[in-house]
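Chain residues, written in single-letter form:
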Amino acid sequence: MGAHSTVEHGRAAVLDEPPADVAGELDGLSAALDEAVPPKHLDRNLLIGTWNIRAFGDLTEKWHTGGDDSPKRNLADVRAIAEIASRFDVVAIQEARAGLKALRHMLKLLGPHWGLILTDVNRGDAGNGERLAFVFDLRRVRPSGLAAELVVPNEQVEGRGIDAGALQRQFVRTPYAVSFLSAGQTFILATLHVKYGDSPSERTEELRAIAEWLSDWASSVEDYNQNLIALGDFNIDREGDPNHEAFTSTGLRSPTPLDDVRRTVSSTPEKNHFYDQIAWFTDDGRAKLTLEHTGRAGGFDFVPHVHPDLTPQQKSWHISDHYPLWAEFAVPA
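Quick caveat, the model's predicted, so the values are computed rather than measured.

**Quick look at the overall build of the protein chain**
Then comes step 1: On a plain count of helices and strands, the protein chain comes out with seven helices and 12 strands.
Then comes step 2: A buried classification covers 55% of the 333 residues belonging to the protein chain.
Then comes step 3: The long-range fraction of contacts in the protein chain, counting pairs at least 24 apart against all pairs at least 6 apart in sequence, stands at 75%.
Then comes step 4: Total accessible area on the protein chain is roughly 14200 Å²; 48% of this is exposed by carbon and sulfur atoms.

This is the structure in structure tokens:
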């Protein structure tokens, strides 16, 4: 930690000691994370996360955001985001923006033993200036050499119930896959942020194409031990709807503990969204994991622990409108 600083009108440094109220809030957040997320155990477990961090681009370099400041996200918020991200071995981040100030500040906080891999900006209005990123703890996880973008050939569409015309407008945010190595186990993470569109039906064919492509790829990646995990924001409204059926049509399944986990700050028990997912193949005859899922998975609701004076919607511009999800895997001792 750096020297004490409570600069508000000038530029504060994210590595400086925060003001007392911010420090207290961060302590409470850390304690809540201790209760919600399993601890990292060297060579025993692997914690994989995914998080759509709303408009993760610029930030206001103050500890407290003023009414006229834009964006609302400030240094205290980045400290909170970094604290959450630090609980995972690798976390896929959606909605990283063209400007990388907030992401770079987060990496400063995480320290030199953390790495970053991210895509270039998705161009065009539909791409929303977004990037897909992986942030990972180099003490426990390292890239193992493979990086790929999801491109569905026209031949794959034929005979699979997917309108060929859909592929002319899909993947404005191209799904991105990277392979990692941890404790001798290689695994591939494929992350994506499906375009929300004007109606749920606009996503169905894209989700079906993604599921088909992942199934084909998972069956041909023997050199990577077939540990293919899909994660990200799939914009699935609810379990059992046509988009959920398209996503699971080839055997992709998310762990049972995620079934009732709230995905967004606007979710309610009566109306829970299934936007964010961590999933892999489990059906007979499909490629399965050689990683052993421990049976533990979940999310983290940060809302009670940050900005007590703000509404959940207001907090979404400081932290996010989505909650992070995680799944734990066992690795050989």
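**A word on the pattern of salt bridges**
Then comes step 1: Enumeration over the complete set of coordinates arrives at 11 salt bridges.
Then comes step 2: A salt bridge links Asp58 to Lys101, with the shortest nitrogen-to-oxygen separation between them at 3.6 Å. Note that Asp58 is positioned in the loop between strand E1 (45-56) and helix H2 (75-85) and Lys101 in helix H3 (residues 101-110), a separation of 43 residues in sequence.
Then comes step 3: Here Asp58 falls in the partly exposed class, since its relative accessible area comes to 43%.
Then comes step 4: Under the relative-accessibility criterion, Lys101 is labelled partly exposed at 30%.
Then comes step 5: The shortest N-O distance in the salt bridge between Arg140 and Asp89 comes to 2.1 Å. Residue Arg140 is found in the loop between strand E4 (130-137) and strand E5 (142-149), and its partner Asp89 is found in the loop between H2 and strand E2 (90-97); the two are separated by 51 residues along the sequence.
Then comes step 6: According to the relative accessible area criterion, Asp89 is buried, its value standing at 0%.
Then comes step 7: Each member of the salt-bridge network shares a partner with another, and the members are Lys40, Asp89, Asp137, Arg139 and Arg140.

Rules and cut-offs
Residues numbered from 1 in each chain as written. Predicted model: local features only at pLDDT ≥ 70, side-chain atom pairs only at ≥ 80, totals over all residues. Heavy atoms only, no water. Helix = DSSP H or I, 4+ residues; strand = E, 2+ residues; numbered from the N terminus. Buried < 20%, exposed > 50% of the residue type's maximum accessible area, 1.4 Å probe, protein only. Contact = heavy atoms within 4.5 Å. Areas by Shrake-Rupley, 256 points an atom, 1.4 Å probe, with all protein chains shown as cover. Salt bridge = Lys/Arg side-chain N within 4 Å of Asp/Glu carboxyl O.

This is a description of form; function is not addressed.
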